[in-house]
Each structure stands twice: as structure tokens, then as C-alpha cells.
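# Notes for the structure review
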Amino acid sequence: MNASVDKVRDALAELIKAALVSDDGRSLAFRQAAAEKLAALAADPPQADAVRIDGAWTLAVRAAEAPELQPEEGQVNLTLPRAALFSLEDLTSEGFDVDAAVEMIRKSASTG
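Per-chain numbering applies: the sequence of each chain, read as written, is numbered from 1 onward. Totals for whole chains, interfaces and linings use every residue, but because this is a predicted model, local features are given only for residues with pLDDT of at least 70 and side-chain atom pairs only at 80 or more, for both listing and counting. Working from all heavy atoms in the structure, the side-chain values ignore hydrogens and water.

### Digging into the overall build of the protein chain
Each helix is a run of DSSP H or I of at least 4 residues and each strand a run of E of at least 2, with the numbering of both proceeding from the N terminus. If you tally the helices and strands in the protein chain, you get five helices and zero strands. Reading the protein chain from its N end, one meets helices and strands in the order α-α-α-α-α. The 112 residues of the protein chain split such that 42% are buried. Considering only intrachain contacts with a sequence separation of at least 6, the fraction spanning at least 24 residues in the protein chain is 82%. For the protein chain, the exposed area adds up to about 6,100 Å²; of that, 48% sits on carbon and sulfur atoms. For every residue, the accessible area obtained with a 1.4 Å probe (protein chains only) is divided by the maximum for its type, and the residue is called buried under 20%, exposed over 50%, and partly exposed between those limits. Note on contacts: a residue pair qualifies if any of its non-hydrogen atoms lie within 4.5 Å across the two residues. Per-residue and other accessible areas follow the Shrake-Rupley method at a 1.4 Å probe size, with only the shown protein chains counted as cover for residues.

### Examining the nonpolar core
Nonpolar side chains in soluble globular proteins tend to be buried together. By size, the foremost hydrophobic cluster in this structure holds 33 residues, and its most contacted members are Val-8, Leu-12, Leu-15, Ile-16, Trp-57, Phe-86 and Leu-91. If you list the elements that add at least two residues to this core, you get helix 1 (3–20), helix 2 (24–43), helix 3 (53–64), helix 4 (88–92) and helix 5 (98–108). With ten residues, helix 1 is the largest single contributor of residues to this core. Once residues within four sequence positions are removed from consideration, Leu-91 is found in contact with Val-8, Leu-12, Leu-15, Leu-38, Ile-53, Phe-86 and Phe-96. Each nonpolar core is a collection of buried residues, namely Ala, Val, Leu, Ile, Met, Phe, Trp, Tyr and Cys, held together in the definition by side-chain atoms within 4.5 Å.

### So, the environment of Ala-42
Following the sequence through the fold, Ala-42 ends up in helix 2. Since its relative accessible area comes to 33%, Ala-42 is described here as partly exposed. The spacing of Ala-42 and Glu-89 is 47 residues in sequence and 9.2 Å in space, taken between C-alpha atoms.

### What to know about the side chain of Glu-14
Note that Glu-14 resides in helix 1. Of the residues examined, Glu-14 reaches a relative accessible area of 11% and is grouped as buried. Dropping the residues within four chain positions of it, Glu-14 is found in contact with Phe-30, Ala-33, Ala-34 and Lys-37.

Below is the structure:
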């Protein structure tokens, strides 16, 4: 795996964690971590051909499924889409809205 994929995965994982946890304080902490990671990505965006966004998404979902976080997950059933909800361009854009992204993840998760 390359450093660009790692950075994208880490930012996506923070967004996913923020969407899944029930505690508002923890969700805010994950949102802030995501915002910091996204700002770093935007400051030094990876080349599009260096990152397979769906692969980074899959890795991020796995990171968010960490056993130590499962007791906190209560917003949605952890059945997220297989394809990334955001493009690399979305993630590195100046106006990327973390709160809207978290809501999009929550709404995209299967609650069935």
C-alpha cells in the first residue's frame, strides 16, 4: 500500500467512525480528526492515479469496524456501501463539508 492510500483511508475512517458512534462527544472528536486529515489531504493532494478510492473506502470501513469501537456504534447498522461515497476530488476540495459527509454515510448505511 502507498502513503497516499493510507492518508485517504485514514480520513475516510474518521468520517465513518463519526457516523457510527452514538456518543455526540466522540462523534465530534472523530469529525475534528477527519477535518484535520482532510485539510492535510487538500494541502498536498495525491495524484488520482495513485489512489483507488473504492479500495481506500474498503480499508477505511475495516478500520472503523475495529473491535474496540463496536460497543460505541449505535447510530446505524454497520452495513456500508461497497463503493466509496466520495471521490478523491470531493475529499480534497476546499468546501468539503464534514458534517454533511457524516450524514451521508449514516443515511447510506443499511439499517435493515
